[in-house]
Every structure is written in structure tokens, then in C-alpha cells.
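Here is what each chain is made of, one letter per residue.
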Protein chains: 2
Amino acid sequence: MKKLSKNRVKKKGVNKFINKIICADSLKKLKEIPDDSIDLIFADPPYNLQLKNELWRPNQTKVDAVNDDWDKYDGFEHYDRFCKKWLKECQRILKETGTIWVIGSYHNIFRVGKIMQDVGLWTLNDVTWVKSNPMPNFMGTRFTNATETLIWAKKHENAKGYTFNYQLMKKFNKGKQMRSDWYISICNSKERIRDKEGKKVHSTQKPEKLLRYVILSSSKEGDIVLDPFAGTGTTGAVAKKYGRKWIMIDNEENYCKIMKERMNSIKDRVVWLEEHKLRF
Amino acid sequence: MKKLSKNRVKKKGVNKFINKIICADSLKKLKEIPDDSIDLIFADPPYNLQLKNELWRPNQTKVDAVNDDWDKYDGFEHYDRFCKKWLKECQRILKETGTIWVIGSYHNIFRVGKIMQDVGLWTLNDVTWVKSNPMPNFMGTRFTNATETLIWAKKHENAKGYTFNYQLMKKFNKGKQMRSDWYISICNSKERIRDKEGKKVHSTQKPEKLLRYVILSSSKEGDIVLDPFAGTGTTGAVAKKYGRKWIMIDNEENYCKIMKERMNSIKDRVVWLEEHKLRF
DNA sequence: GTGTAGTTTGAATCCTACG
DNA sequence: GCGTAGGATTCAAACTACA
């Protein structure tokens, strides 16, 4: 009886966030989400990247690099403390059967991965997003930076029953077991959201295919998918298309406005049903 | 005059280690190497991996997994302290123009990468070794673990003049700028060193092609290449073949014995000269 | 020698039930 | 809780056997 009651409260607690775009401080909002209530988290945290000089192409056109306001941190310590806080909250709100994905580049993913281990999240895979069309290294002083890293982890070492749609992912890989290297082009052309001046709205908008792999491999229909740094809402868009519930959190009003338009333009499960006929 | 003298001492200091296989505690020996004396370091540190259960194939044969004696650590803290120590020494002995490569899997690379940043090594690239023939995931509960990660870094943020043989690497990539994803099969067949019973001598022997990319991209002929966890000495073998000086350190007597045979069987620069005629 | 089928095996935090 | 034992699962490449 007590347990039932507690579960009802818990369920009610998370219900008010479901299918909402929440414009608020990510950490503050995560703290309001009940324990053990989320099936899947996808997080693309700020990159701790602050370019001292602007980057210019050889032809003197400016490269629109990552230098947004949300990307300022004093140093490693500040960043580590911040990551520990939001990762702990993510771990707390994950169901026992839930998993979390975090994406990053070499600027931040090592720190993030180390902290994930420290808080007790249990790595299932490190997945490499191999970009078919990365930005080349203009100076010829390094290798083309052609990858980003995703870490997929469960709530803790002994957590049982996480979702992995093995057979479905196999279908996506010509009938062979899906590997941890994913070949996906960067987000551009029609998918890329731009403002009226044609400027990119978000400096690191993720391609929908990446989120499709994430969401279809590790969640079920009806599951709750949460993104604490939602940006332009690719996670929510893909979640909605494939019949998942979603919670999108971002501190930037501009992103939230764009997300609202984007989410409203998507009809539930349309693409999922379409592809269902073809492949599922 | 004073500077000249200091340089002479420094040079003499490192000379006694050159082209030597040193069977000793890695950290202790690194401390004896002079400051600013090494051009290139390749490190494949122990993986902080300890297998709890044995794994059996579907056909009831046992998987010969990694469970060596050198791979026991009490936990993260112990491992972190150990890594900080050897990485600090590596940074100290690197020339201003020198660089370091560290390889690892998701079990350890996040901790190692975080510590590399903490001690002030400056990341140039994270390179993904994509394995053409990884061990599959037998249970179908995760993605095939198909990659390992290499981190390439210079001595500190403002270090100038590191070696990157851009044009040569371009040749290895069909005339296009070399990317940070490298497609290399795991070490097996003739290259794999086995004992009289046909058993693998080292559980994680690296393929020569991987070391070829590392050494040819980031060192010059005559440079000093050091490996603090040399194992069966693939780093030394490739260094010798391509006309680099080498210092191999490993604590295991068995490995050192095998390395001696291996290094003696290689004639200096033979392969390099051969390939020079063909490609360089 | 050549081609084909069968065998072997590689850095893995691979499951579940039971005592 | 934990440790242990039983049992279900896999892909690519090198190597072997044999026609």
C-alpha cells in the first residue's frame, strides 16, 4: 500500500514534465525530477571550449566556431564540479532499467567519462561517431578531427534489464551485429536549423540519424527520453517521431522558442509508422 | 658556456639509455631520464581491467581474455595516482618539440585523458583505431566493441615546433589529408608473437601498422622514441625499422627477453629503405 | 597450384539462477 | 548480499584440409 502510494506520487511527479520544453537552468530542473523515473537520457553538455582567437579559413572568411555564451568556464575544476552535479542528478532520475548517453569531443569527453565512472555509472559502450564530412584541418598541423565520442552507460554496475534492441540495430547494419563505430555525416542542408540571416542557430546541432541510432537502440515505444542540454531539440524531435515521450530542458530562451516550433511541426510517430511498414 | 655544459650533461644523460631494453619498474626508470631529452613517447598503460568471470564461446570453448598479473589495481584512486605519476615524468622528459601518444579503451582512457589534461599536456588529436576484425559481443547485449582510442599531445599548450609529417601521412591516405580514424586490423597471424605452446605472449600486442602511423607521423629519422610499457616491443621494432633511436622499458622479465630476440632480428632501417624506394 | 569449405580465435567491465 | 556454476550468444580474418 505504501509502495503503491509512493509509486503514484512518483509517476505524478514526472508526468508534469512529459512532452514539455522547459526553459530553465538544467541542473535546477533536473533536481525537480523524481528518482527512478526516466528511461533514457541523452546529454550533449557544453564543451568547455573557449577559443582565444577567432579561427579564419585560408581565404580569410571567418569560421563559425564554437564560442557561444553558454560555453564559458573558468577552468577544469569549475567544469568538473558542474559535470559531477548534473551527472549525479541524471543517475538519480534514471530508472534501474534506464541508460544514459553523453556525447563530447576530446575537449571534454575524457573529463566527463572519468566523472561518469566516479559517480558509479557503468559503461556499456564507447561509441565513435565517424563523420563522413568533417571540417578539414586547414593548417595541416594535425590529423583531420573526424570523430566525436558517445558514452553509453547504465545506472550502476548491477543494474539489470536495460533496453538494447539488438535485432533492430542488426537490421540497420546489413544483418550483422551493430558495431560501436557509426558512420554519419554532420548535420547540414535541410536538417540544419538557420535563422533569417541564414546563420546556424546552434553551433553543434546533431544529425537526426545519430539520435535515431541512440533512441531506437536503447529505448522502447512509450519510454520517457530526457535531454538536459536540448539545444535545438533534435533529441525531442526524434523521440516524438518514434513514439517516445520526451522532456527537453535548455536554459536559452532562443533555443526553446525554436524547439517549440520544431516540436509542433512533427506529427507523433509519423516517420516511425512509415519506416515500420518498410523495415520493422 | 654554462648552457653548453648543461646540454652536454643532458645529452650524455640520455645516451646511456638509447637503443636499450630496460627491465625495471617503469616509473622508477622514467625518473632517471633527463629533462627535455625525448622526441616521442608511445604508452600503452595497463588497462585497469579485471575480469570476474570467464567467458565461453557458443561452441563451449573458453575465451582467452585479459587477466594478467600486471593488471591489478585496487580501484580508481590507485590507478589515477599511478597514471599521474608516470604522465608527469613523461611530460618532464619530453623535448619542447616532443609529443606523446597514449592508447587505451573505455576502461581507462577517460581517466588517462583527464589526467593528461590536468598535468598540462596539450591534446593535438584523439585518434580512433577502428578494428576491422574485433571480437564480437557474444551475448548480443551491447554494440560490438570495435575501437580503441589514442590521445596525441604536446608537452604544453605553448610548446612550438612539434613534428607532424603531413605530406607523408597524406600519401598513406590516397593523397587526402589523413583523418583521425584509422582502419587497422588487430594483431594476429605471423605478426603475433607466441610461445612454444602457441600461446599469445602478450594479451594486447599492438599491430605494427598502428605504430607505423604513430612513428612516421610524429617523428623524424634519428629521433628518440620511448615506450614505458613496452610489452613485446612493437614500438621499438617499428622505430628501429624506420631509423629512429629507441628506449624500451618494461617490468616483466619475460617480455624483455622476447624483446631482445625481436630487436636483434631487425636490421636497422631495412624496411624503411625498402619502402623508401617504393613510396617516399 | 587453385578454389572452397570448415576451423580457429581475438583487450569483454557480455547473463541468470541458485545456494 | 555474494560467489559460483550452467548455458546461450558471435564476426572477421587467417589458417587448414581437401577436392
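Conventions used here
- Residues numbered from 1 in each chain as written.
- Chains lettered and ligands numbered in written order.
- Predicted model: local features only at pLDDT ≥ 70, side-chain atom pairs only at ≥ 80, totals over all residues.
- Heavy atoms only, no water.
- Helix = DSSP H or I, 4+ residues; strand = E, 2+ residues; numbered from the N terminus.
- Buried < 20%, exposed > 50% of the residue type's maximum accessible area, 1.4 Å probe, protein only.
- Contact = heavy atoms within 4.5 Å.
- Areas by Shrake-Rupley, 256 points an atom, 1.4 Å probe, with all protein chains shown as cover.
- Pairing = 2+ DSSP bridges.
- Axes fitted to C-alpha atoms, helices over the stretch in contact; angles between N-to-C directions.
- Least-squares fit on C-alpha atoms with pLDDT ≥ 70 in both.

Details of the overall build of chain A
Check the secondary structure of chain A and you find nine helices and eight strands. Taken across its 280 residues, chain A has 55% of its residues classed as buried. Of all intrachain contacts in chain A linking residues separated by at least 6 positions in sequence, the fraction that spans at least 24 positions is 73%. If you sum the accessible surface of chain A, you get close to 13,600 Å²; carbon and sulfur atoms cover 50% of it.

Here's the deal with the sheet that holds strand β3 (residues 94–104) of chain A
All names here are of chain A. Overall, mixed pairing links the eight strands, which are arranged β1-β8-β7-β2-β3-β5-β4-β6 in an open sheet. A single partner strand is all that each edge strand has here, and the edge strands are β1 (20–23) and β6 (181–184). For this sheet the average axis-to-axis angle between neighbouring strands, irrespective of direction, equals 20°. The pairing of β3 with strand β5 (residues 147–154) spans six bridges and is classified as antiparallel. Bridging from a neighbouring strand, T99 pairs with K154 of β5. Strand contacts of helix α3 (residues 76–93): β2 (38–43), β3 and β7 (224–227), with the helix running at about 150° to β3, the strand carrying the most contacts. Packing of helix α8 (residues 253–264) onto the sheet brings it into contact with β1 and β8 (245–250), and relative to β1 it is tilted by some 170°.

A look at helix α7 (residues 234–241) of chain B
All names here are of chain B. Burial analysis of α7 places eight of its eight residues in the buried class, the great majority of the element. Residues of α7 that are buried: T234, T235, G236, A237, V238, A239, K240 and K241. Taken from the residues just after α7, G243 is the one with a positive phi, measuring 75°.

With respect to the relation of the copies chain A and chain B
Note on the identical chains: chain A maps onto chain B by a rotation of 179° and an axial translation of 0.0 Å, with an RMSD of 0.1 Å. On the angle and the small slide along the axis, the relation comes out as a two-fold axis. It is F110(A) whose C-alpha, among those of chain A, lies nearest the rotation axis, at 2.1 Å. Comparing interface residues between copies, 100% of those in chain A also lie at the interface in chain B; the contact surface is shared.

Focus: the sheet that holds strand β2 (residues 38–43) of chain B
Residue and element names in this part refer to chain B. The sheet built from eight strands is open, its strands ordered β1-β8-β7-β2-β3-β5-β4-β6 with mixed pairing. Strands with a single pairing partner mark the edges of an open sheet, and in this sheet they are β1 (20–23) and β6 (181–184). Each adjacent strand pair in this sheet contributes to an overall mean axis angle of 20°, direction not counted. Relative to strand β8 (residues 245–250), β1 runs parallel, the two sharing four bridges. Counted as the bridge partner of I22 is I249 from β8. On top of the sheet, helix α4 (residues 109–119) reaches β3 (94–104), β4 (122–131) and β5 (147–154); it is set at about 165° to β3, its chief contact. Against the sheet, α7 makes contact with β2, β7 (224–227) and β8, and its axis sits at roughly 170° relative to β8, the strand it touches most.

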